[in-house]
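Secondary and tertiary structure notes
Read off the chains here:
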Amino acid sequence: MWSKKWKSALQALSFLLVLFLHRQASADYNWVVKESTYTRLCSTKSILTVNGKFPGPVLRAYKGDTVYVNVHNRGRYNITIHWHGVKQPRNPWSDGPEYITQCGIQPGGSFRQKIILSIEEGTLWWHAHSDWSRATVHGAIFVYPKPGTSYPFPKPHAEVPIILGQWWKSDVMEILDESVRTGGTPNVSDAYTINGQPGDLYPCSKSETFKLSVDQNKTHLLRIVNAAMNSILFFSVANHNLTVVAADAAYTAPISTPYITISPGQTIDALLFTDQQPGRYYMAARAYQGNLAIGFDNTTTTSIVEYKDGNGNGKTAPLFPYLPYYNNTNAAFGFFNSLKSLAINQPDVVKTTTTRMVSTVSVNTLPCLGNQTCEGPNGTRLAASMNNISFVDPRVDILQAYYYYIKGVYKEGFPDFPPLIFNFTAEDFPLILEIPERDTKVKVLEYGSDVEIVFQNTNLVAGIDHPMHLHGHSFHIVGTGFGNFDVKNDPLSFNLVDPPLRNTVTVPLSGWAAIRFKAGNPGVWYLHCHLERHLTWGMHTVFIVKNGKHPNETLLPPPPDMPPC
């Protein structure tokens, strides 16, 4: 009798807990963006944070929730916040990129942002989307299955955010300003971090290394985010395989792997089974850099998995994991190409396209003019482009200009194909090919268009891999390859059965990547390289998806507290 009463009481308590958590997930968050003092690598500096935390707070919600975040700017610079990978159906007003969907929240100002979740389930993240503020203003988003549903894998015993980042000893805004002033490459970072800590291999860091305490024979869900500014990363755990179960908040067919490759902007959900002998094991991350001729941070960040066995393992040296070499392209893309969709509650793969685009992604140079300082190659200024257009940010956001019919802010007519056809992956080029057009051109899409984009990397100036991120949509990566895209033969090998659904695709050095999606989200949506220096140099454009025919296919009206320009 007592056992039945206890069982009933526990069931009631569990039900109330679910209701409480659901209410919490849908409640308002209050975030204050402010300067905070942090010490890393033997030196102390002031950094921009949310609520004084680095990394910032985790936003938790259930699939399909609507969450409100009140953002109060108490910092020195304008700020915007982007909810990376959240589709925001019909609601680009809270998407966040500065001068694309809003102007910055000014110091002393506030903005109540509405985050509308739809099909996302898994790990996403949020970050500043103005200047280089996202170096320290970022955090994870955990989207749980709807109450009453479950993961498509055994429920883990615990979940752990693993936020991979970069740290500069100098002020990142000063680094950005110097790079913009000189036209040269910004300084590389001084360290990578795991959950804000550089780890044992850096000076003055060992005592604060992040440690994950685990019991033997348990399952931990690692929610991994690459929040680094300019580096694709390899990540692994010594003596443990990772079982990848989701990428960019979409479930994947489970794969067991000794390492992962993760580009800036991407997320991975991976199960860690603690099935090894009790001891200490490093988690570690370091750069994947396809082109070693380009300067990069070649250091390694670590954290420690510690088994709880009571036998003094805290004093033993951790085992170090396998990490592929920096320029191991086969390892990097071997992982990317191993991911397949689980196709649970995911959109259908576009089989027949109505809109086809091919866009080059290139690093460029601009001539030195007048009294400019020019520290790019051969006395030029560095730039970047898509289809030879280096995007110029307006001073009024494009969404506002589109909605209110403000003229002169942007131009339609972003080209569907490269304006110049040449051997994109050659080693030497005429100088004229390096110079892009500078403009603010957007691509307009009809509502419901079935879109294919092939990103063609070029070796202009300095070839490198590019993580390309699309706001407002996820897409299927139907193919990648090396060399110049062959419009007749390469589509024959496209995966239209179980391609991964992602929001950021890595375009390989000297290669191409093809994505497909349905343009079913009306509004203004950013498309850009997620290497921050390339975004600064102009490797981005904007898609405007027109309204459909029905009320639920129409852009929502703006909120009353949009930040002024």
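Residues numbered from 1 in each chain as written. Predicted model: local features only at pLDDT ≥ 70, side-chain atom pairs only at ≥ 80, totals over all residues. Heavy atoms only, no water.

1. Here we look at the environment of Pro258
The criterion, for reference: A run of DSSP states H or I qualifies as a helix once it reaches four residues; a run of E qualifies as a strand once it reaches two. Both are numbered from the N-terminal end. In what follows, residue pairs with any heavy atoms lying within 4.5 Å of each other are defined as contacts.
For Pro258, the position within the fold is in the loop between β15 (250-257) and β16 (260-262). Between the C-alpha atom of Pro258 and that of Ala238, which follows or precedes it by 20 residues, the distance is 8.6 Å. In this structure, Pro258 is in contact with Ser236 and Asn241, ignoring residues within four places of it in sequence.

2. Description of the state of the cysteines
The cut-off we apply is this: The disulfide criterion used throughout: a pair of cysteine sulfur atoms within 2.5 Å.
Under the criterion given, the structure shown has three disulfides. For the protein chain, the bonded cysteines pair up as 1-3, 2-6, 4-5 when numbered in the order they occur along the sequence.

3. Here's the deal with the sheet that holds strand β25 (residues 441-445)
Keep this limit in mind: For two strands to pair, DSSP has to find at least two bridges joining them.
Reading across the sheet, the six strands line up as β23-β25-β33-β32-β27-β30 and stay open at both edges, with mixed pairing between neighbours. The sheet is open, and its two borders are formed by β23 (411-412) and β30 (504-507), each paired with just one other strand. Both β23 and β25 contribute to a ladder of two bridges, which runs parallel. In the sheet register, Lys411 faces β25, and the bridge partner there is Lys441.

4. Some words on the confidence of the model for the protein chain
Segments scoring low in pLDDT should not have their predicted coordinates read at a detailed level. To be explicit about the condition: Each residue carries a pLDDT value, the predictor's own confidence for that position, ranging from 0 to 100.
When pLDDT is averaged across the protein chain, the result is 94; 94% of the residues are at 70 or more. Scored below 50 in pLDDT, residues 1-25 makes twelve contacts in the model with residues more than four places away or belonging to other chains.

5. Focus: the sheet that holds strand β10 (residues 191-194)
Basically, it comes down to this: Note on geometry: axes are lines fitted to C-alpha atoms, helical ones only across the stretch in contact, with angles between N-to-C directions running from 0 to 180 degrees.
Read across the open sheet, the six strands follow the order β10-β9-β12-β17-β14-β15; overall the sheet is mixed. The sheet is open, and its two edges are formed by β10 and β15, each paired on a single side. Direction aside, the axes of adjacent strands within the sheet are offset by 20° on average. In this structure, strand β14 (residues 242-247) lies alongside strand β17 (residues 267-273), joined through five bridges in antiparallel fashion. Opposite Thr243, over in β17, you have Leu271 as the bridge partner.

6. Some points on the pattern of salt bridges
Convention followed: We define a salt bridge as a side-chain nitrogen of Lys or Arg found within 4 Å of a carboxyl oxygen belonging to Asp or Glu.
One pass over the full model with this rule turns up 19 salt bridges. As a salt-bridge pair, Arg112 and Asp28 come within 2.4 Å of each other at their nearest N and O atoms. With Arg112 in strand β6 (residues 110-116) and Asp28 in strand β1 (residues 28-40), this residue pair connects regions lying 84 residues apart in the sequence. One salt bridge in this structure joins Asp450 and Lys518, with 2.8 Å as the shortest N-O distance.

7. What about a nonpolar patch on the surface?
We apply this condition: Patch definition: residues with relative accessible area over 30% and no salt bridge; like charges joined within 9 Å; nonpolar side chains (Val, Leu, Ile, Met, Phe, Trp, Tyr) joined within 5 Å. Note on areas: these come from Shrake-Rupley sampling with a 1.4 Å probe, and a residue is covered only by the protein chains present in the view. Relative accessible area decides the class of each residue, using a 1.4 Å probe on protein chains only: under 20% of the type maximum gives buried, over 50% gives exposed, and in between gives partly exposed.
A grouping of Leu431, Ile432 and Ile435 is seen on the molecular surface, where their side chains present a nonpolar patch of about 300 Å² in accessible area. Mapped onto the secondary structure, Ile435 falls in the loop between β23 and β24 (437-439). Note on Ile435: relative accessible area 31%, which makes it partly exposed.

8. Regarding helix α2 (residues 172-182)
Stated formally: Definition of a polar contact: a pair of N or O atoms within 3.5 Å, with one able to donate and the other able to accept a hydrogen when the atoms are protein atoms, and with sequence-neighbouring residues admitted only if both atoms are side-chain atoms.
Restricting attention to buried positions, one finds in α2 the residues Val172, Met173, Ile175, Leu176, Ser179 and Thr182. Those residues of α2 that are buried are in contact with β21 (381-386) and α5 (532-537). The N-capping residue of α2, defined by a side-chain oxygen 2.8 Å from the backbone nitrogen of Met173, is Asp171. In the segment just after α2, Gly183 is the residue with positive phi, at about 75°.

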